[in-house]
Amino acid sequence: MSMEMIVPLGVIILFLILSIYLLQGKGAMLISGYNTMSKEDKAQYDTVALCKATGKLMLGVTVSISLIFAGDLFHQNWLFIVGTVLMIANIVIGLIYMNTGNRYKKNQK
């Protein structure tokens, strides 16, 4: 196994582990922006739902990176293109969805 394969595989495995951790509703300290909020601001958010949504987004990126890697490894341009388009779409749609509608704010009664 050459060094050209080890680094992307390491990134894929790391992203997969982090995705699974986030999908369990844990790991809020890994979410940029959330980890810098004050305790009062953090109390307004549903941490488990936010972690799960971030985990889904990260899992989509992991699948995209895997397709890009497979396309490069097997010299299949269509896999590379599908992975790239999927990654861009996943990130854009995911970020728009997560940042609109106050979906992760707790209901203030």
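Here's a quick rundown of the structure. What you see as residue numbers is a count from 1 along each chain, following the sequence as written. Confidence filtering applies because this is a predicted model: local features only for residues at pLDDT of at least 70, side-chain atom pairs given and counted only at 80 or more, and all residues used for totals across whole chains, interfaces and linings. Hydrogens and water molecules were not included; the side-chain quantities draw on all heavy atoms of the structure.

Brief notes about the layout of surface pockets
Item 1. Each cavity reported here is a set of points on a 1 Å grid over the protein atoms alone in which a 1.4 Å probe fits but cannot get out, each pocket an open set with protein on both sides within 12 Å along at least five of seven lines, and each lining residue one with an atom within 4 Å of a point. Grid points are joined across faces, edges and corners, and a volume is the space filled by probe spheres set on the points. There is about 470 Å³ of room inside the largest pocket.
Item 2. Lining the largest pocket are 20 residues; nearest its centre among them are Ile31, Ser32, Leu50, Thr54 and Met98.
Item 3. Runs of E in the DSSP output that reach at least two residues are strands. Runs of H or I that reach at least four are helices, and both are numbered from the N terminus. Of all elements in the fold, only α1 (3-23), α3 (47-73) and α4 (77-99) reach the threshold of two or more residues within the lining of the largest pocket.
Item 4. Take the lining of the largest pocket: its biggest share by element is four residues, from α3.

Some details on α4
Item 1. Multiplying 1.5 Å by the residue count of a helix minus one yields the expected span of that helix. The terminal C-alpha atoms of α4, which comprises 23 residues, lie 33 Å apart, in line with the 33 Å expected from a rise of 1.5 Å per residue.
Item 2. Buried residues along α4 sit in contact with α3.
Item 3. Remark: glycine 101 follows α4 within two positions and exhibits a positive phi of approximately 80°. Two residues qualify as a contact provided that any one of their heavy atoms is within 4.5 Å of a heavy atom in the partner residue.

Topic: a nonpolar patch on the surface
Item 1. Surface patches are drawn from residues lacking salt bridges whose relative accessible area is over 30%; two like charges belong together within 9 Å, two nonpolar side chains (Val, Leu, Ile, Met, Phe, Trp, Tyr) within 5 Å. Here the Shrake-Rupley method, with its probe set to 1.4 Å, supplies the accessible areas, and only the displayed protein chains count as covering residues. One side-chain nitrogen of Lys or Arg within 4 Å of one carboxyl oxygen of Asp or Glu is enough to make a salt bridge. Together, Leu16, Ile20, Leu59, Val63 and Leu86 make up a nonpolar patch on the protein surface, roughly 370 Å² of accessible area in all.
Item 2. Taken together, the elements giving at least two residues each to the nonpolar patch come down to α1 and α3.
Item 3. Among the secondary structure elements, leucine 86 is positioned in helix α4.

Describing the packing of aromatic side chains
Any two aromatic rings considered together are summarised by their centre-to-centre distance and by the angle between their planes.
Item 1. Centres within 6.5 Å make a pair out of two Phe, Tyr or Trp rings, where for Trp the six-membered ring is used; the pair is then stacked when the planes are under 30 degrees apart, edge-to-face when over 60, and tilted otherwise. All told, the structure shown has zero aromatic pairs when counted by the stated rule.
Item 2. The ring of tyrosine 34 is capped by lysine 42, whose NZ or CZ atom sits 5.5 Å from the centre of that ring.
Item 3. Looking at arginine 103, its charged tip hangs above the ring of tyrosine 97, at a distance of 3.9 Å from the centre. The criterion for a charge sitting over a ring is simple: Lys NZ or Arg CZ within 6 Å of the ring centre, and within 35 degrees of the ring normal.

Focus: the side chain of serine 64
Item 1. Assignment of secondary structure puts serine 64 in helix α3.
Item 2. Setting aside residues up to four positions removed in sequence, serine 64 forms contacts with Gly83, Leu86 and Met87.

Description of the environment of asparagine 107
Item 1. Inspection of the secondary structure assignment puts asparagine 107 in the segment after α4.
Item 2. Considering only alpha carbons, one finds asparagine 107 and glutamine 44, 63 residues apart in sequence, at a separation of 8.2 Å.

Section: the environment of alanine 53
Item 1. By the secondary structure assignment, alanine 53 is in helix α3.
Item 2. Along the sequence, alanine 53 and glycine 94 sit 41 residues apart, while their C-alpha atoms lie 8.6 Å from each other.
Item 3. Non-local contacts of alanine 53, meaning those with residues more than four positions away in its chain, are made with Met98 and Tyr104.

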